[in-house]
Amino acid sequence: MSSSMVEITFFGRGGGQGAVTAAQIIAQAAIRRGLFANSFPEYGAERRGGAPVRAYVRLSRESVLAREPIERPDISVVFDTRLLSVFNIPQITKNYIVINALSIDDVRQSIGKFSGKVVYVNAYEISTKYLGKPIVNTTMLGALLKVLDLVDIDTVKELVLETFGKRLGKSNVEALEEAYKVAEVIVL
């Protein structure tokens, strides 16, 4: 996906899924590539215990001045299928929904009608394999990179290593790489 500005919203649950961190890593990767970017979170009233969290990212070849929440993202990155209906994601998303789901059938049942494309990955399985727990942020970044060409996987991997340190960073990079390889782009 390439245009003058790409708007991305990450939809997660508070309490450790990592949506805010993932958004920050993508914004930093864009900046390292010479682009302009901003990233900021929006929390619900309660920040823990699974309350919905949104993190917004704007990437552009020109200065990014907008600071308000993104109402119609080009790409929605959905960490949990239960958030689809909470935020009406299929109706507000323009081009791509990158989704963590247990199966393609789960994706079809959860999304319903959507005019764009879906990038499906079982991030729970991959993150549990590499991290020992279902913290899906770097796994979802791997799936996102299937359709986001403004940043490259090597820059994102460098930032993951810097963010998580040598030992934990290596496991997160492995999860990111596998998600990038196995994520499927489908039309419903």
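Draft legend 1. Structural view of the overall build of the chain. In terms of regular secondary structure, the chain is built from 8 helices and 7 strands. Its C-alpha atoms give the chain a radius of gyration of 15 Å, within 12% of the compact-globule value 16 Å for 188 residues. Projected onto the principal axes, the alpha-carbon positions of the chain cover approximately 40 × 40 × 35 Å. Look at the contacts in the chain between residues 6 or more apart in sequence, and 62% of them connect residues 24 or more apart. Summed over its atoms, the accessible surface of the chain is roughly 8,700 Å², and 48% of this surface lies on carbon and sulfur atoms. Here the chain contributes 23 positive and 20 negative side-chain charges, whose respective centroids are spaced 2 Å apart.

Draft legend 2. View of the packing of helix α7 (residues 153-164) against helix α8 (residues 166-182). Relative to each other, α7 and α8 sit at 150°, their axes nearing to 7 Å. When the axes of α7 and α8 are compared, the pair comes out roughly antiparallel. Taken as a pair, α7 and α8 cross one another with a handedness that is right-handed. For the pair α7 and α8, the contacting residues are I153, V156, K157, V160, L161 and F164 in the first and K166, L168, G169, K170, N172, V173, L176, E177 and Y180 in the second. Taken together, the residues that form the contact of α7 with α8 break down as 9 nonpolar, 2 polar and 4 charged.

Draft legend 3. How the structure looks around the nonpolar core. Judged by nonpolar contacts, the single largest core of 44 residues is most densely connected at I8, F10, I26, I75, L148 and V156. No other element matches helix α1 (residues 19-32), which puts 9 residues into this core. Once residues within four sequence positions are removed from consideration, I26 is found in contact with I8, F10, V57, L59, L141, L144, L145, L148, V151 and V156. I97, A101, V107 and V118 belong to the second largest nonpolar core, which has 15 residues in total.

Draft legend 4. Expanded view of the pattern of salt bridges. All chains considered together, the criterion is met by 12 salt bridges. In this structure, K170 engages E174 in a salt bridge whose closest nitrogen and oxygen atoms are separated by 2.8 Å. Taken together, the positions of K170 and E174, both in helix α8 and 4 residues apart, correspond to about one turn of that helix. The exposure class assigned to E174 is partly exposed, which follows from its relative accessible area of 26%.

Draft legend 5. Broad picture of the packing of aromatic side chains. Evaluation of the coordinates by the stated rule reveals 3 aromatic pairs. Relative to F79, the ring of F10 has its centre 6.3 Å away and its plane inclined at 75°; by these criteria the two rings are edge-to-face. Linking F10 in strand β1 (residues 5-13) with F79 in the loop between β4 (75-78) and α2 (83-87), this pair joins segments that are 69 residues apart in sequence. In this structure F10 comes out as buried when scored by relative accessible area, which is 0%. Given the relative accessible area of 0%, F79 is considered buried. Ring geometry for F11 against F87: centres 5.1 Å apart, planes inclined by 45°, an arrangement best described as tilted.

What counts as what
Residues numbered from 1 in each chain as written. Predicted model: local features only at pLDDT ≥ 70, side-chain atom pairs only at ≥ 80, totals over all residues. Heavy atoms only, no water. Helix = DSSP H or I, 4+ residues; strand = E, 2+ residues; numbered from the N terminus. Rg over C-alpha atoms; globule rule 2.2 N^0.38 Å. Contact = heavy atoms within 4.5 Å. Areas by Shrake-Rupley, 256 points an atom, 1.4 Å probe, with all protein chains shown as cover. Lys, Arg positive; Asp, Glu negative; His and termini not counted. Charge placed at Lys NZ, Arg CZ, Asp CG, Glu CD. Axes fitted to C-alpha atoms, helices over the stretch in contact; angles between N-to-C directions. Parallel < 35°, antiparallel > 145°, perpendicular 65-115°, else oblique. Left-handed = near helix turned anticlockwise from the far one by under 90°. Nonpolar A, V, L, I, M, F, W, Y, C, P; charged D, E, K, R; others polar. Core = buried A, V, L, I, M, F, W, Y, C linked by side-chain atoms within 4.5 Å. Buried < 20%, exposed > 50% of the residue type's maximum accessible area, 1.4 Å probe, protein only. Salt bridge = Lys/Arg side-chain N within 4 Å of Asp/Glu carboxyl O. Phe/Tyr/Trp six-rings, centres within 6.5 Å; stacked < 30°, edge-to-face > 60°.

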